[in-house]
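Secondary and tertiary structure notes
The residues making up each chain are set out below.
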Amino acid sequence: MKDEEHYQQGMDVRRAVLGDSHVDRTLSQLTPLNEEFQNFITRYAWGDIWTRPGLERHTRSMITIAMLIALNREAELKMHLRAAFNNGVTRDELKELIMHSALYCGLPAANATMHLAQQVFDEMDA
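Treat the numbers as computed from the prediction; the structure is a model and nothing was measured. (Residues numbered from 1 in each chain as written. Predicted model: local features only at pLDDT ≥ 70, side-chain atom pairs only at ≥ 80, totals over all residues. Heavy atoms only, no water.)

Judged by side-chain polarity, Leu 55, Ile 63, Met 67 and Leu 71 come together as a nonpolar surface patch covering roughly 340 Å² of accessible area. Take Leu 71: it is sitting in helix α4 (residues 57-71). (Patch = residues over 30% accessible without salt bridge, like charges linked within 9 Å, V, L, I, M, F, W, Y side chains within 5 Å. Areas by Shrake-Rupley, 256 points an atom, 1.4 Å probe, with all protein chains shown as cover. Salt bridge = Lys/Arg side-chain N within 4 Å of Asp/Glu carboxyl O. Helix = DSSP H or I, 4+ residues; strand = E, 2+ residues; numbered from the N terminus.)

Here it is in structure tokens:
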């Protein structure tokens, strides 16, 4: 598959998972510094990895959130907590994932994520 095809396939998945408004906001902030990086993310993360047939998007969302909890990457975590609903992840599943992460990532990471998830839920409910 050519780079342009990977990019378009990635953009389709990126929009489906993150939502048009998020992607449009990101694209409106392209600069000479970040343009190639954003293209790279779209082609490889979204166009190659997220489109592989081995896992459903629901599972990929759960795995991504778990890794972001472990790595303490708050901004990406918040984005993926919000996006997980586009992939059919439920609030109860997120709660269980956060509880499970307390064992393997530590209580501070799970506690911070619990607060972050509540913030995302509150924003969505507003």
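Its volume calculated, the largest pocket comes out at about 480 Å³. Every residue lining the largest pocket is counted, 20 residues in all, and those nearest its centre are Trp 46, Trp 50, Thr 64, Glu 76 and His 80. Taken together, the elements giving at least two residues each to the lining of the largest pocket come down to α1 (3-18), α2 (20-28), α3 (35-49), α4 and α5 (74-84). Counting residues per element, the lining of the largest pocket draws most heavily on α4, which supplies six residues. Of the residues belonging to the lining of the largest pocket, the class tally is 12 nonpolar, five polar and three charged. Two domains share the lining of the largest pocket, each providing at least three of its residues, namely domain 1 (1-52) and domain 2 (55-125). (1 Å grid on protein atoms, 1.4 Å probe; cavity = no way out; pocket = protein on both sides within 12 Å on 5 of 7 lines; lining within 4 Å. Points joined across faces, edges and corners; volume = space filled by probe spheres on them. Nonpolar A, V, L, I, M, F, W, Y, C, P; charged D, E, K, R; others polar. Domains from an automatic or database assignment.)

Next up on the list: the domain arrangement of the chain. On domain assignment, one finds that the chain holds domain 1 (1-52) and domain 2 (55-125). With 10 residues of domain 1 in contact, the opposing surface of domain 2 contributes 10 residues. Roughly 820 Å² is buried in total at the junction of domain 1 and domain 2, and carbon and sulfur atoms are behind 59% of that figure. The largest per-residue losses of area from domain 1 upon contact with domain 2 belong to Val 17, Leu 18 and Trp 50, which jointly make up 60% of the total buried on that side. (Contact = heavy atoms within 4.5 Å. Buried area = accessible area lost by both parts, 1.4 Å probe.)

Another aspect to go through is the side chain of Thr 64. As for its placement among the helices and strands, Thr 64 is situated in helix α4. Among the polar contacts listed, one links the side chain of Thr 64 to the backbone oxygen of Arg 60, at a separation of 2.7 Å. Setting aside chain neighbours within four positions, we find Thr 64 in contact with Trp 50 and His 80. (Polar contact = N/O pair within 3.5 Å; in protein donor to acceptor, adjacent residues only side chain to side chain.)

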